[in-house]
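# Tertiary structure, described
Below, each chain spelled out in residue letters.
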Amino acid sequence: MDARTTNPAAVTFPFPFEPYPIQEQFMTELYQALEAGKVGIFESPTGTGKSLSLICGALTWLQDFEERKRQEEAQTLSAAETETKDKDPLVSTELDWITQFVQKKEEMDMKNKIKEEHLRRKRREERLEQMRHNVQLKFASKRKREEEDETMRLLQLSQQILSGGGEKEAIELDKEEEGLLLAEYESDEETKKGPEIEEEEDLEEEHVTKIYYCSRTHSQLSQFVHEVQKSPFGKQTRLVSLGSRQNMCVNEDVRRLGTVQLINDRCMEMQKNKHEKKTEEPEGKKKRESRAMCPFYCYEQMQFLRDETLVEVKDIEQLVSLARELKACPYYSSRYAIPAAQVVVLPYQMLLHELTRKASGIKLKDQVVIIDEAHNLIDTITCIHSSQVSGAQLCQAHSQLTQYMDRYRSRLKAKNLMYVKQILFLLEKFVQVMGGNVKQNPCFQKVPQDGTTLKSINDFLFHSQIDNINLFKVQRYCMKSMISRKLFGFVEKFKGTETCLSIKERQKAGGLQQFLQDLNQKSRHAADAPVGVLEDAEIGQPRTASPLMQIEGFLSALTNANQDGRVILQLQGTVAQSSLKFLMLNPAVHFAEVLKECRSVIIAGGTMQPVSDFKQQLLISASLSPEKITEFSCGHVIPAENILPIVLCSGPTNQQLEFTYQKRDLPEMMDETGRILTNLCNVVPGGLVCFFPSYDYQKHIQEHWEKSGLLKRLALKKKIFQEPKRANQLDQVLAEYSKCIKNCRQFGGALNGALLFSVVGGKMSEGINFSDDLGRCVVMVGMPYPNIRSPELQEKMSYLDKTLPKTEGVSAGRVLIENLCMKAVNQSIGRAIRHRRDYASIVLLDHRYSRPAILGKLPQWIRSSTQVKPNFGAAFATIRKFFQQKKSDSVSSS
C-alpha cells in the first residue's frame, strides 16, 4: 500500500471546537508522519491542547487508513474476478504451463487472503454491533455468575461436612508445600517454547492496526482517556486501558497484600491452582488458603468484560468498577481486548520492557506507537534496564535458598539442584567481591575500604570468578522454573519459625540467622511503607519483598553486550550497605526493537528541547537514518505579550551573577540573590516560585538569609513556603500556598501573595501547574548542572565521547551535561503558563544563560520572547511595566 496516497493538507480533522491554527498544524504534521511511516519528535507546550491534537490527528489517520485498506481490498478482489472471467483461452494456451500454474496460485492465494480479511472484519463488526444493542447481555451473565457462586458455596459446604472438620496429619509434605517444589526442568534450549506460551498463542486472534499510546503515570493515562471520551471519536473508538495488577486487581484478599510483587505472586499462584484443578481428583481434605482459586478469574466472565470494554471507551477506574459488577478480572480481560482494539493505553514500562511487552500480549509489528510526556524517555529506558542489589539482599537470598535446598534436596531433580547450586555460587561470589562472607551477618562485616569502582561486564565476570558460568542459561532457568516465586512462598510459609534449620545449623548460622529474623520483623512493621517498596530502616535503602527477584534482574542485566553497560561496585561502611549496580549506557539497544517493529513512532511532550539527545542517543544510535526522523515544534496559544522571559546578568549592586560551584556559596552572591528577590516581591502580584539547583543549596542560602535578616524582609511582602522533602506533605503545602494567594487577592492587606522555594528536579518542578495567580513569576537561581563528579555520569560521558561525534566542536559528553541542565530548566520554567489567557514572567539568574548555545536550548515559544538584560535596573523596569500593564488590562476588561 502506498503510504502517500492521501494529502495531509487536504484532510479535515474532526474536533470538538474550532481548533487553534497551531493545533491544525500539529495534526497535519502528525498525519503526515504517520502516513509516511516516520519517527516524529513533537513538541507542544502545556495549555495548547496537545492531547486532543494527538487524539484527533492520529485517529483521523487510522480511520482513513482502514477505509483505504477496505477500498483497495475490494478493488483487488474485483479486479481478480474480472481478470479470471475475461481471460482469453487462446492466450492462456500459449503461456508456459509452469508460469500459468504459479500465476493462478498467486491469484488464488491473494484472493483467499482478501476474502478471509473481509470475513474477519465483517464478523468483528457484526459482533461489536450486536454487543452495542444487546444491553441485557451483562445482566444475564451477572445472574449466571451468581448461580455459579451459590453452587460453589454448596459444594464447599458439602465437602466440609463430609471431611468431618478434622485435618489429616501430613505424611511427608502437605499439599501446600508440594506447590513450593521446583518442577522438573526439561531443557536448556533458549529457543524452545514452553507449553504455556504455545497455549496462549493458539487462543490469540489477529491484531488489527492500532495505536499504542503510553505515558508516565496512571493519572496522565486516565486524563488521556477522558479526552478521547470528549472527542468526536469517543463513541466509535475501540479503546482498552492496560495497567498493573496493583491498579486493576478486584480481589480484595489479594489487594490487601499491598506491594506489586506480592500481588503478582499471589495472582500467579491462584492461576496455577485454577489450571491444576482440571487434572486433580477431588479430595475430602479442606483446601488451604494458599491453594485458593481467584473467583474473578473466570474465562466466560472475562470475555463478557472484554466485550464491554470494546463497546464503550472506559478508563481504568470505570473498567474496575464494571469488573466488580460482573465479577470478572479486569487485568486479564483488558489483555484479551488488545487484538481487536484500535487504541491501547498503557504505561511506559509495559511498552519499553521487552519481556513485559510480550507477557502482556502486545505486538508492535506494523503498529503506531505514541509516547507522550517523553522528555525523560532516555532516563526511563536507562532505569528500566539498569539494576541494583545490596549486600543485605545477596546474603538474605543466599540463606533462604540454602534452607530451601536443604529441606527439599531429596525431592529435587538433578538439573534443579545443579542450577540452585550455581545460583548459590553466584551469590557467594558477589558477596566476596564486596569483601564479605555469606555465612556471617552482613551488618557486622566492615568493607575493606569505602569507594566506588566501575568495571566492564566482562571484567566484572572475571573479577568475580564467574566467567565460566553461562548466565543466559541461568537467566532462562530462573524465568522458566519461577524459582524466586517458589522461594518466596517457602519463606512466607516458614517466616518467624526455624522449622527448616536443625540445632547444629542454627548454631552455625548464628548472627546471620538473627539478621534474617530482624529483616522479617521489619517487613511486618512496614505495612505503611510506600506501595511496592519496603524500607529497611537499619540499612536505609528500599528492598523488594523477594531479594532473589531483584537479583534475577541484576543477572539479566549482566547478559547485555559488554560495551553497552558498566557494573558499579560501591563499598560503603558494611557489606549490608554496599551494593552492586548495573548501569545501562546504551538505551538505544532496547529501543531499537520498538523502532524496527513499528510502522511509526511519535515521541511527544510539552517540553522536548533540546532534541539532540533523542536523535543521537535513541534514534541514530539505533541505526535509524536521519531521513526517517521528522521534528515539529509549535508555538504557544498565548499572545506574545503575555510572557516576559528575562536573562539577568547582574544584580542591584552590579555583582555579576554566576552560580558555579566555586562562586555560588560566596556571601556577596547570596546577598545579591536576596536583594533581587526582595525587589521582585514588591512588584510581582500573587505567587512567585523560586527554583534552586539543589536541596542543599536551598537550605544553605536560606540559613544565610535568616542570619542577615533578609528572610524577614521577604516575609513582609509575601508569606514564605518551601517544598517539602516528603511526598505525602506536598498536597498540604500546595493547598496552603494557594489559600494564602487567594486570601491576599480577596482581602488585601500588607501581603501581596506568597513566595515558594522549590528545587529543580524536585516534586514541584514537574507535573505541578502554577497557573494564573499561583505563578505570576518563576525565578531560576543559577544553572542546575548535574554533579560532574558522579562516577555514573563520568562513565556515561566517556561512553558518549567514544561513540558519538562532536557537535560544533563540542564533545558529546559535554553536550550531555548541558542538555541535562537545560531539560531540567525547561521543565521548571514551563510550570507558569498553562492556558491561553495566562501570563507570567520568567527570570533566569545567571549570565551564562545569555550564551547563544544555551539560549538555543530553550523552548521555541520562550526563546522567541527572551530578553537579555546586562544590568538589574533595566530588567526591573521592564518587569514592573509588564505587571502594571497586566493590571491595567484586567481593570479595563472588568
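Residues numbered from 1 in each chain as written. Predicted model: local features only at pLDDT ≥ 70, side-chain atom pairs only at ≥ 80, totals over all residues. Heavy atoms only, no water.

## What about the overall build of the chain?
- A count of helical and extended segments in the chain gives 36 helices and 20 strands.
- Expressed as a percentage of the 894 residues in the chain, the buried residues total 51%.
- Residue pairs at least 24 apart in sequence account for 81% of intrachain contacts in the chain once pairs closer than 6 positions are excluded.
- Working note: accessible area of the chain is about 43,200 Å², and carbon and sulfur atoms make up 51% of it. (Helix = DSSP H or I, 4+ residues; strand = E, 2+ residues; numbered from the N terminus. Buried < 20%, exposed > 50% of the residue type's maximum accessible area, 1.4 Å probe, protein only. Contact = heavy atoms within 4.5 Å. Areas by Shrake-Rupley, 256 points an atom, 1.4 Å probe, with all protein chains shown as cover.)

## A few points about the packing of helix α19 (residues 414-433) against helix α25 (residues 547-557)
- α25 packs onto α19 with a crossing angle of 80° between their chain directions and a minimal axis gap of 12 Å. Viewed along their axes, α19 and α25 adopt a mutual orientation that is roughly perpendicular. Facing Ile423, Leu426, Leu427 and Phe430 of α19, the residues of α25 in contact are Leu548, Ile551, Phe554 and Leu555.
- A per-class count over the contact of α19 with α25 returns 8 nonpolar, no polar and no charged. (Axes fitted to C-alpha atoms, helices over the stretch in contact; angles between N-to-C directions. Parallel < 35°, antiparallel > 145°, perpendicular 65-115°, else oblique. Nonpolar A, V, L, I, M, F, W, Y, C, P; charged D, E, K, R; others polar.)

## Topic: the nonpolar core
- By size, the foremost hydrophobic cluster in this structure holds 52 residues, and its most contacted members are Phe430 and Leu580.
- Secondary structure elements with two or more residues in this core: α18 (391-408), α19, α20 (457-463), α21 (471-481), α22 (483-494), α25, β10 (565-572) and β11 (574-584).
- Ranked by the residues each element gives to this core, the list is headed by α19, at 10 residues.
- Those residues in contact with Leu580 that sit more than four places away from it in its chain are Ser387, Gln388, Val389, Leu394, Phe430, Met434, Phe460, Phe554, Val567, Ile568 and Leu569.
- Core analysis: the second largest hydrophobic core is formed by 50 residues, Ile568, Ile643, Cys649 and Val825 among them. (Core = buried A, V, L, I, M, F, W, Y, C linked by side-chain atoms within 4.5 Å.)

## Examining unusual backbone geometry
- A cis amide bond links Gln609 to the next residue, Pro610, at an omega of -10°.
- In this model, Asp366 sits at a positive phi of 60°, which is unusual for a non-glycine residue.
- Examined against the element boundaries, Asp366 turns out to sit in the loop between α16 (354-359) and β5 (368-371).
- For Ser623, which is not glycine, the phi dihedral falls at a positive 70°.
- Tracing the sequence through the fold places Ser623 in the loop between α27 (612-619) and β13 (629-633).
- By relative accessible area, which is 68% here, Ser623 ends up exposed.

## Observations regarding the packing of α19 against α21
- The N-to-C vectors of α19 and α21 enclose an angle of 115°; their axes lie 11 Å apart at closest approach. It follows from the interaxial angle that α19 and α21 lie roughly perpendicular. As α19 packs across α21, the resulting crossing turns out to be left-handed. Of the residues in α21, those touching α19 at Asn416, Tyr419, Val420, Gln422, Ile423 and Leu426 are Leu471, Lys473, Val474, Tyr477 and Cys478.
- In the contact of α19 with α21, the residues fall into 8 nonpolar, 2 polar and 1 charged. (Left-handed = near helix turned anticlockwise from the far one by under 90°.)

## A closer look at the sheet that holds β10
- Within the open sheet, the 4 strands sit side by side as β6-β11-β10-β7. Their pairing is antiparallel. Either end of the sheet is taken by a strand with one partner, and the two such strands are β6 (387-390) and β7 (451-456). Strand-to-strand, the axes of this sheet are offset by a mean angle of 15°, without reference to chain direction.
- This element, α18, spans β6 and β11 of the sheet and lies at about 70° to β6. (Pairing = 2+ DSSP bridges.)

## Some points on the pairing of strand β14 (residues 643-648)
- Taken across its 6 residues, β14 has 6 buried, putting it largely inside the fold.
- Burial along β14 is two-sided: the residues Ile643, Pro645 and Val647 and Leu644, Ile646 and Leu648 are all buried.
- For β14 and strand β19 (residues 840-845), the ladder comprises 6 bridges, and the chain directions are parallel. Note on β19: the bridge partner recorded for Leu648 is Leu845.
- Sheet analysis places β14 next to strand β20 (residues 867-869), joined by 3 bridges and oriented parallel.

## A look at helix α32 (residues 791-803)
- Relative to the 18 Å expected for 13 residues at 1.5 Å per residue, α32 spans 18 Å between its end C-alpha atoms, a close match to the ideal helical length.
- Looking only at α32, the buried set comprises Leu793, Glu795, Lys796, Met797, Tyr799 and Leu800. (Expected span 1.5 Å × (residues − 1).)

## Section: the pattern of salt bridges
- Enumeration according to the criterion identifies 19 salt bridges in this entry.
- Arg70 is paired through a salt bridge with Glu67; the nearest N and O atoms lie 3.4 Å apart. Pair noted here: Arg70 and Glu67 are both in helix α2 (residues 50-86), with a separation of 3 residues, about one helical turn.
- Classification of Arg70 as partly exposed rests on a relative accessible area of 27%.
- The partly exposed category is assigned to Glu67, whose relative accessible area is 36%.
- Among the salt bridges present, the one from Glu227 reaches Lys230, with a minimum N-O distance of 3.9 Å. Of this pair, Glu227 and Lys230 both sit in helix α8 (residues 218-230), 3 residues apart, roughly one helical turn.
- Of the residues examined, Glu227 reaches a relative accessible area of 18% and is grouped as buried. (Salt bridge = Lys/Arg side-chain N within 4 Å of Asp/Glu carboxyl O.)

## What to know about the sheet that holds β14
- Here 7 strands make up an open sheet; going across it, the order is β16-β17-β15-β18-β19-β14-β20 and the pairing parallel. Every interior strand has two partners, whereas the edge strands, β16 (719-722) and β20, have only one. If you compare each strand with its neighbour and ignore which way they point, the axes differ by 20° on average.
- By the bridge criterion, 4 bridges tie β16 to strand β17 (residues 753-759) in an arrangement that is parallel. Among the inter-strand pairings, Ile720 is bridged to a residue of β17, identified as Leu755.

## Things to note about the confidence of the model for the chain
- Of the residues in the chain, 77% reach a pLDDT of 70 or more, and the chain-wide mean stands at 80.
- Considering each helix and strand of the chain separately, the mean pLDDT is smallest for strand β8 (residues 534-536), with a value of 36, and largest for β5, with 94.
- The model gives residues 164-171 a pLDDT under 50, and that stretch makes 3 contacts with residues more than four places away or in other chains.
- Counting interchain partners and residues more than four positions distant, the pLDDT-below-50 stretch residues 497-544 has 74 contacts. (pLDDT = per-residue confidence, 0-100.)

## Let's talk about the packing of aromatic side chains
- Per the counting criterion, the structure on display carries 25 aromatic pairs.
- Plain terms: the ring middles of Phe430 and Phe460 are 5.9 Å apart, the flat faces sit at 25° to each other, and that makes the pair stacked. Here the residue Phe430 occupies a position in helix α19, and Phe460 occupies one in helix α20, the gap between them amounting to 30 residues. Here Phe430 matches Phe460 in class, with each residue buried. (Phe/Tyr/Trp six-rings, centres within 6.5 Å; stacked < 30°, edge-to-face > 60°.)

## Considerations on the side chain of Glu818
- Looking at where Glu818 falls in the secondary structure, it is placed in helix α33 (residues 812-829).
- Despite its burial, Glu818 remains without a salt bridge, the nearest opposite charge being carried by Arg814 at 4.1 Å.
- In this structure, Glu818 is in contact with Tyr785, Ile854 and Lys857, ignoring residues within four places of it in sequence. (Lys, Arg positive; Asp, Glu negative; His and termini not counted.)

## Side note on the environment of Ile381
- Examined against the element boundaries, Ile381 turns out to sit in helix α17 (residues 377-384).
- When the C-alpha positions of Ile381 and Leu352 are compared, they lie 6.8 Å apart, and in sequence the two are 29 residues distant.
- Once you skip the residues sitting within four places of it in the chain, Ile381 turns out to touch Leu352, Pro587, His590, Phe591 and Leu618.

## With respect to the state of the cysteines
- Using the criterion set out here, one finds 0 disulfides in the structure.
- Free of any disulfide, Cys443 has its nearest neighbouring cysteine sulfur in Cys395, separated by 8.9 Å. (Disulfide = S-S within 2.5 Å.)

## Notes on the side chain of Gln23
- Locating Gln23 in the fold gives a position in helix α1 (residues 21-36).
- Residue classification places Gln23 among the buried positions, given a relative accessible area of 3%.
- Among residues more than four places away in sequence, those in contact with Gln23 are Phe15, Phe17, Thr48, Gly49 and Ser53.

## Details of α18
- The end-to-end C-alpha separation of α18 is 26 Å, in line with the 26 Å expected for 18 residues at 1.5 Å each.
- In terms of burial, α18 is a largely internal element, 15 of the 18 residues being buried.

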